[in-house]
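What follows is each chain in one-letter form.
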Amino acid sequence: MSDPIGPFSAGERLTPNRGEAPRNPKAKPPGRQPKQRPPRKHRSFLGFLANFFVTSLYRFGVIAVVLALLVGGGGFYILNAGLPGVETLKNYRPPLESRVYASNFQLVSELADQHRIYVPYDRIPPLVAQAFISAEDRNFWVDPGIDPVAIIRAGFTDLMRVGSDRRPLGASTITQQVVKNMLLDNRINFARKIKEAILAVRISGAMSKQQILTIYLNEIYLGSNSYGVAAAAQAYFDKPLSQLTIAEAASLGALPKAPSSYDPFRHPQQALDRRNWVIGRMLEDGAISAADAKTAMAEPLLPRAGGEKLTVQHAGYFADAVQQEVVDRFGADMASQGGLIIRTSLDPKLQAAAENAVRNGLQRYDHQFSGWHGLVGHVDDPAIEQNWQTDLGKQPTPPGMRENWHLAVVLSITPTSAKLGYTDNSGQAGASTAHLGTIALADIRWARPWVNGQPGPAPHSMGQVLNPGDFVMVSPGTKPDSFALEQIPNVQGALICMDPRTGRVLAMVGGWSHDISPFDRATQAQRQPGSSVKPFVYLTAMEQNIQPDAPVLDAPFVQQMSDGTTYRPGNFEDNFQGPVPIYHALELSMNLATLNLARTVGLDNIAKNFESFGIINPMPPYYPSAIGAIDTTLWKMVTGYAALDEYGRQVTPSLIDSVTDPDGKILYQADTGPACDNCAAGDPAQPPQLTYSGQQLADPDSVFQDITMMKGVVLRGTGTPAVVGIKQPVAGKTGTTNNFNDTWFIGFTPGVLTGCWVGFDKPQSLGNDQTGGAVCGPIWNEFMKTALEGQPDIDFTVPPGDTLQQTGGVTQAFKTGQSPGAQTNDNLLAGSPASIPATTTAGQPGQPGQPGQPNPPAPAPSVDKQLGGLY
């Protein structure tokens, strides 16, 4: 019988035959001798290694899978736990720029950190949306928020680029871009990409594709400070989305990949290539036909590039003041991101007229007194006549040039003329056009070269002013191929025009150029008003029932100051007229008569008017204050004069008519409209009686007397230059401060009020005899001729009980119980009546006091303390 066990090969296992019980190999069969077992064969070494490797790989594979699951699951849990929710996207309200509009709804400015115009989905043209889908995410309508194929492709490409400086290839869908822009940061790392993908899938399941696309097309940055397709269409093509062509839509669709690299202004060829690539993708996607694609690719890149926005020009100072008020009312975030619609009182026609009047006036002064200081730069180029366009292109254009000015370069000169050239973009498709012309020496006599720190005599040779290679500003000359030399004045000016009934500011200029200096000299500059405050001193006298023709002494005024010095001011003319009528003292802006009047009526009473009319609060209790030695602003002075124009009713100036939110809800409404006192009665026989709100600061009778005297200022006094050629009745007052540092003129009709100031930012003399009437008067005149166009010649209404009567050959206003000449020598106003000679009587306008006492001698200038207004 054969051995049931037998030899076995390596690796085999002993197993019993089916149905048998396992045998014990160590048991000795009965009756048999043990047989020696043959030696076991050794395993091969390679087999051992293979077996070990397979077993280890299996074991480590299991461990790696487990660890990967643990790490991946833990990482997913950690990343997922820290992800933002999608509720913010469901309730998407983009930060919208607020827009400031003029009274005619012309755009003034945009208040925003980001230029964005929100457009709902149903107003986005399909071709515009398709341009972005074709360029950025062709599977947008079907993908789950991510594109796995694109991710694998990008991953493989990026693996091949390891070690290079090239940016990783993107694979973001439109949904992922929304996540990146709205919920995450822009860091490029693996963790952020995982978060982006998780959120994209989550958002794709929670929101419709239309919602996602709406957010994307309103949020995406497209260069030129434009966020969203509507803002970009305006920036690049100056048109709404609904008017974009296929080529223009493709141009916008080309930008998300790299707005700076495909900027059509800076990189036109790259932008054109990318645009045409987008058009090709749109053709492949079946969005457009082959014929449409061919036509679109043939279009120029930017047919309307750089189109000027239809905004009110030169309204920067006004816009800044509006912005500050909106921030004060609603906060900075609401002002720049709330999408507010801000309607203002600005009149674009008057704003343009104000800008021109101020600039013309400053140029007149500059040409007369400032000499030549207009050199912009210089280039040393022996071949300037051949290279001038290249040289000119390297010179930055200075800010603040007027619309018809150009930056030019001097090509050659003779003793009597200079040849210059400039370029502009007046050619077809914005091509540069060269212009050559000459400037004659006879036309630049004003450009006096500086000698020893001041303008010298007129130039006698062109080389004293211009040399080849000089960059200067020019404007078209009066003759063909001729230029006029220009320069930006150093002197500054400001102007405010207001509707005195409502307080609505119709125009405001705060300096030569907002681009050069945003400091607003109309609202921010604290300057001495000089004699322009005198109407409030004379109003104080009228309130005390003093008549306009009452005599006041124009004689030396001496006051000991608290610091021990003597205040002894003088008149502009350095003479004295003795007793003069009050109205005559105001017309000629007599300092000494005004101070004597102030001493009579009391500084405390004058201070009440200065403070209640908004000139200054508190008024320093010193006599120099009565003739303008205080600090105030043009804004405050115009506000005070508005109350005079309204017969003493307080007027609150306003820039903003209304503010509404994007949904049309009114957030603010100015209280500037009139109230109808008898409209409720409904009596058709009675005309409406309209009244405006405002506290009564002074009685109308006294204010009307003041207005009547101020009419004399422009008819016979210091303000005559302001009303040349103006037929409407005007009341106003000049102001000139000590040393001719500041000049003012503020004047009004029954319906329009305008104030002007001119001076240097760092106070210095404007020059001898440069008074408010001489400097500001012509500016006021030029502007008001525009402001009064079509206005009827309506005079100031006489209050009930008052009368207009002749006195001393002029017409003045008298209250009930007053009559011309009723307040005679016994009431002479000098603060110290007993010292007034009894034989002196009031002189007629323009005449000194009558014989009886000679005019007092002029005071010694060594003890003078000259403070206050001059004229």
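Everything here concerns the structure above.
Conventions we followed
- Residues numbered from 1 in each chain as written.
- Predicted model: local features only at pLDDT ≥ 70, side-chain atom pairs only at ≥ 80, totals over all residues.
- Heavy atoms only, no water.
- Axes fitted to C-alpha atoms, helices over the stretch in contact; angles between N-to-C directions.
- Helix = DSSP H or I, 4+ residues; strand = E, 2+ residues; numbered from the N terminus.
- Parallel < 35°, antiparallel > 145°, perpendicular 65-115°, else oblique.
- Left-handed = near helix turned anticlockwise from the far one by under 90°.
- Contact = heavy atoms within 4.5 Å.
- Nonpolar A, V, L, I, M, F, W, Y, C, P; charged D, E, K, R; others polar.
- 1 Å grid on protein atoms, 1.4 Å probe; cavity = no way out; pocket = protein on both sides within 12 Å on 5 of 7 lines; lining within 4 Å.
- Points joined across faces, edges and corners; volume = space filled by probe spheres on them.
- Buried < 20%, exposed > 50% of the residue type's maximum accessible area, 1.4 Å probe, protein only.
- Polar contact = N/O pair within 3.5 Å; in protein donor to acceptor, adjacent residues only side chain to side chain.
- Core = buried A, V, L, I, M, F, W, Y, C linked by side-chain atoms within 4.5 Å.
- Disulfide = S-S within 2.5 Å.
- Pairing = 2+ DSSP bridges.

With that out of the way, let us pick up the packing of helix α14 (residues 348-369) against helix α23 (residues 772-787). Closest axis-to-axis distance for the α14/α23 pair is 8 Å, and the angle between their directions is 160°. Taken together, the axis directions place α14 and α23 in an arrangement best described as roughly antiparallel. In this structure, α14 meets α23 at a crossing whose hand is right-handed. Between α14 and α23, the contacting residues are Lys349, Leu350, Ala353, Ala354, Asn356, Ala357, Val358, Asn360, Gly361 and Arg364 on the first element and Pro778, Ile779, Glu782, Phe783, Thr786 and Ala787 on the second. A breakdown of the residues in the contact of α14 with α23 according to their chemical character gives nine nonpolar, four polar and three charged.

Tracing the chain through its elements places Ser370 in the loop between α14 and β6 (377-378). Setting aside residues up to four positions removed in sequence, Ser370 forms contacts with Tyr365, Arg448, Trp450 and Pro455.

To continue, consider empty space enclosed by the protein. The full count for this structure, using the stated rule, is one cavity of 30 Å³ or more. By volume, the largest cavity is sized at about 70 Å³. Tyr236, Phe237, Ser251, Leu252, Ala254, Leu255, Tyr262, Pro264, Ala271, Arg275, Leu301 and Leu302 together form the lining of the largest cavity. The set of elements that each furnish at least two residues to the lining of the largest cavity consists of α8 (229-237), α9 (246-253) and α10 (268-284). Taken together, the residues that form the lining of the largest cavity break down as ten nonpolar, one polar and one charged.

The topology assignment puts Thr540 in helix α16 (residues 534-543). Taking the relative accessible area as the measure of exposure, Thr540 reaches 2% and is therefore buried. The spatial distance from the C-alpha of Thr540 to the C-alpha of Ala607 is 9.4 Å, given a sequence separation of 67 residues. With residues near it in sequence (within four places) discarded, Thr540 still touches Val601, Asn605, Ile606 and Asn609. Here the side chain of Thr540 touches Asn609 through a polar contact of 2.8 Å, side chain to side chain.

Our focus in this paragraph is the nonpolar core. Grouped together as the largest cluster of nonpolar side chains are 91 residues, with contacts concentrated most on Ile342, Ile582, Phe610, Phe613 and Phe748. In terms of residue count, helix α21 (residues 634-645) provides more of this core than any other element does, seven residues in total. Apart from the residues within four sequence positions on either side, Phe610 is in contact with Val533, Phe536, Val537, Ile615, Ile616, Met619, Ser625, Ala626 and Ile630. Core analysis: the next-biggest nonpolar cluster, separate from the first, contains 57 residues, Leu183, Leu222, Ala232 and Met282 among them.

Taken as a whole and judged by the stated rule, the model has one disulfide. Across the disulfide from Cys756 sits Cys776; the S-S distance is 2.3 Å. The sign of the S-S torsion, about -80°, decides the handedness of the disulfide formed by Cys756 and Cys776: left-handed. Residue Cys756 is found in strand β26 (residues 753-759), and its partner Cys776 is found in helix α23; the two are separated by 20 residues along the sequence.

Here the focus is the packing of α9 against α10. Angle between the axes and distance between the axes are the two parameters that describe a pair of packed helices. Running from N to C, α9 and α10 point in directions that differ by 110°, and their axes come no closer than 8 Å. For the element pair α9 / α10, the angle class is roughly perpendicular. Residues Ile246, Ala247, Ala250, Ser251 and Gly253 of α9 form the contact with α10, whose own contacting residues are Arg275, Val278, Ile279 and Met282. Residues that form the contact of α9 with α10 fall into these classes: six nonpolar, two polar and one charged.

Our focus in this paragraph is the sheet that holds strand β15 (residues 505-509). If you trace the five strands from one edge of the open sheet to the other, you get β15-β14-β26-β25-β24, paired in antiparallel fashion. Looking along the sheet, the strands with just one partner apiece sit at the ends: β15 and β24 (731-736). Here the strands of the sheet are splayed against their neighbours by 5° on average, with no regard to which way each runs. As defined by bridge partners, strand β14 (residues 492-498) adjoins β26 across seven bridges and the pair is classed as antiparallel.

Where burial is concerned, the two faces of strand β1 (residues 98-101) agree: the one with Ser98 and Val100 and the one with Arg99 and Tyr101 are both buried. Note that β1 and strand β2 (residues 107-111) share four bridges and pair antiparallel. Its bridge partner lying in β2, Val100 is registered against Ser109. The antiparallel pairing of β1 with β2 creates a hairpin that spans five residues between the two strands, and Phe105 there sits at a positive phi of about 65°. As paired elements, β1 and strand β5 (residues 341-344) share three bridges and run parallel to each other. Residue pairing for β5: Tyr101 is matched across the bridge by Arg343.

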